[in-house]
Amino acid sequence: MKRCLFKLVLFLVLGAIVNVAVAWGFAAWSAPANVESPEFTSRKIAEDEIEGVTRLRVFGHTRVHHGMFSQLIVDGTMGHVLATAWIVPGDNYSETRAGWPLRTLRCRNLAEIDMGGRMSITISANTANPIEGGIVLSPFPTGSPAQSWRALPYQPIWTGVVVNTILYAPLVWILTVSFLKMRRVIRRKRGLCVKCAYDLRGDFSAGCPECGWRRAEKDAQQTG
Ligand SMILES: [Zn+2]
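Residues numbered from 1 in each chain as written. Predicted model: local features only at pLDDT ≥ 70, side-chain atom pairs only at ≥ 80, totals over all residues. Heavy atoms only, no water.

1. Comments concerning the coordination of the zinc ion
Phase 1: All of the protein donors around the zinc ion are Cys193 (SG), Cys196 (SG), Cys208 (SG) and Cys211 (SG); their distances to the metal are 2.3 Å.
Phase 2: Around the zinc ion sit four donor atoms; with metal-centred angles ranging over 107 to 112 degrees, the donor geometry is tetrahedral.
Phase 3: Taken in chain order, the donor set of the zinc ion reads C-x2-C-x11-C-x2-C.
Phase 4: Classification of cysteine 193 by relative accessible area gives buried; the value is 0%.
Phase 5: What makes cysteine 196 partly exposed here is its relative accessible area of 30%. (Donors = N, O, S within 2.8 Å, 3.2 Å for Na, K, Ca; no water. Tetrahedral: all angles 85-135°; square planar, octahedral: opposite > 155°, others 65-115°. Buried < 20%, exposed > 50% of the residue type's maximum accessible area, 1.4 Å probe, protein only.)

This is the structure in structure tokens:
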């Protein structure tokens, strides 16, 4: 029972590690900036306050640009914000959400943003390190489009953390069991002890003098 619980916890931890590794892989290598037609939604909050959200989705990685505007003219067919968009101080950020199948980690780029023709966000000069909740991977020179920033996020999105970990844990378990089984088969074929790989020259009848595999009744019970 205790052993079972230990195994469960171990594989959940391993599943969580795989989950983070997958998310970081997507955050570092996938490029949501290249999405041709981003999703755009806008919502009027007050007379001179409009919230605009753009989502650029690729496999395993979503980039969300959130901006507050005083005026916003949107090209309905393309979903792009035209040049006549004035950003106002407020909840302005570019956020990365990475992970698969669900997004599991996120971080925000809090640089001052300036939404232009294709919802491109320009990094302002006066922000040294605007990343919140992430490790910066690529620097952002002044004037570079914000889509190109890269960071390894470490803020959890809990639904993704739980669901992905539960999905990855049995996967890690299956791989581990398959590996151990395969190693056993290979060792047996080579005439080695299946437990410690000591060379038995193909004679398994006497057990293993090195590790005691199949040697004594007691040992046999222990290794089960
Ligand atoms: Zn052995």
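2. What to know about the pattern of salt bridges
Phase 1: Applying the stated criterion to the full structure yields six salt bridges.
Phase 2: The partner of glutamate 51 in a salt bridge is arginine 43, and the shortest N-O contact between them spans 2.9 Å.
Phase 3: In this structure, glutamate 95 engages arginine 97 in a salt bridge whose closest nitrogen and oxygen atoms are separated by 2.5 Å.
Phase 4: According to the relative accessible area criterion, glutamate 95 is buried, its value standing at 1%.
Phase 5: A single network of salt bridges, built from pairs that share partners, joins Glu95, Arg97, Arg106 and Arg108. (Salt bridge = Lys/Arg side-chain N within 4 Å of Asp/Glu carboxyl O.)

3. Observations regarding the confidence of the model for the protein
Detailed reading of predicted coordinates is not advised where the pLDDT is low.
Phase 1: A residue-level look at the protein finds 75% of positions with pLDDT of 70 or above and a mean pLDDT of 81.
Phase 2: Under a pLDDT of 50 for its full length, residues 116–126 has, in the predicted model, 44 contacts with residues more than four places off or in other chains. (pLDDT = per-residue confidence, 0-100. Contact = heavy atoms within 4.5 Å.)

4. A short note on the packing of helix H1 (residues 2–29) against helix H2 (residues 158–189)
Phase 1: It is the contact of H1 with H2, at a shortest axis distance of 7 Å, that shows an interaxial angle of 110 degrees. Judged by the angle between their axes, H1 and H2 are roughly perpendicular. Judged by the twist between their axes, the crossing of H1 over H2 is right-handed. Taking contact as the criterion, the partners of Phe11, Leu12, Leu14, Gly15, Ala16, Val18, Asn19 and Val22 in H1 are, on H2, Gly160, Val161, Asn164, Thr165, Tyr168, Ala169, Val172, Trp173 and Thr176.
Phase 2: A per-class count over the contact of H1 with H2 returns eleven nonpolar, six polar and no charged. (Axes fitted to C-alpha atoms, helices over the stretch in contact; angles between N-to-C directions. Helix = DSSP H or I, 4+ residues; strand = E, 2+ residues; numbered from the N terminus. Parallel < 35°, antiparallel > 145°, perpendicular 65-115°, else oblique. Left-handed = near helix turned anticlockwise from the far one by under 90°. Nonpolar A, V, L, I, M, F, W, Y, C, P; charged D, E, K, R; others polar.)

5. Some remarks on the packing of aromatic side chains
Phase 1: Taken as a whole and assessed by the stated rule, the structure comprises three aromatic pairs.
Phase 2: Geometrically, the ring pair formed by phenylalanine 26 and phenylalanine 59 is edge-to-face, given 5.6 Å between the ring centres and 70 degrees between the ring planes. Placement of phenylalanine 26 in helix H1 and of phenylalanine 59 in the loop between strand S2 (49–58) and strand S3 (61–71) is noted, with a sequence separation of 33 residues between them.
Phase 3: In this structure phenylalanine 59 comes out as exposed when scored by relative accessible area, which is 55%.
Phase 4: In textbook terms, an aromatic cluster arises when at least three aromatic residues are bridged by ring pairs, as seen for Phe26, Phe59 and Trp100.
Phase 5: The lysine or arginine in question, arginine 188, covers the ring of phenylalanine 204, its NZ or CZ lying 4.9 Å from the ring centre. (Phe/Tyr/Trp six-rings, centres within 6.5 Å; stacked < 30°, edge-to-face > 60°. Lys NZ or Arg CZ within 6 Å of the ring centre and 35° of its normal.)

6. Here we look at the side chain of threonine 165
Phase 1: You can see threonine 165 is positioned in helix H2.
Phase 2: Residue contacts for threonine 165: discarding those within four places in its chain leaves Leu12, Gly15, Ala16, Asn19 and Gly160.

7. Digging into the pairing of S3
Phase 1: With nine of its eleven residues buried, S3 lies for the most part within the structure.
Phase 2: As judged from the nine bridges shared by S2 and S3, these two strands associate in the antiparallel manner. Bridge pairing in S3 places arginine 55 opposite valine 64.
Phase 3: Counted between consecutive antiparallel strands, the loop separating S2 from S3 contains two residues, among which glycine 60 sits at a positive phi close to 80 degrees.
Phase 4: As paired elements, S3 and strand S7 (residues 93–98) share six bridges and run antiparallel to each other. Paired with histidine 65 across the strands is serine 94, a residue of S7. (Pairing = 2+ DSSP bridges.)

8. Description of the nonpolar core
Phase 1: Core analysis: the biggest nonpolar cluster contains six residues, these being Cys193, Val194, Leu200, Phe204, Cys208 and Trp213.
Phase 2: The contact partners of cysteine 208, leaving out residues within four places of it in the chain, are Cys193, Cys196, Tyr198, Leu200, Trp213 and Arg215. (Core = buried A, V, L, I, M, F, W, Y, C linked by side-chain atoms within 4.5 Å.)

9. Some details on the pairing of strand S8 (residues 105–109)
Phase 1: With burial as the criterion, only one face of S8 is covered, namely that bearing Leu105, Cys107 and Asn109; the residues Arg106 and Arg108 on the opposite face remain uncovered.
Phase 2: Inspection of the sheet shows S7 paired to S8 by five bridges, in the antiparallel sense. Residue alanine 98 lies in a different strand from S8, and its bridge partner there is leucine 105.
Phase 3: Hairpin connection of S7 to S8: six residues between the antiparallel strands, including glycine 99 at a positive phi of 135 degrees.
Phase 4: Pairing analysis gives two bridges linking S8 to strand S12 (residues 155–156), with the strands arranged antiparallel. Opposite leucine 105, over in S12, you have proline 156 as the bridge partner.
Phase 5: Bridging between S8 and strand S9 (residues 131–132) involves two bridges; their strand directions are antiparallel.

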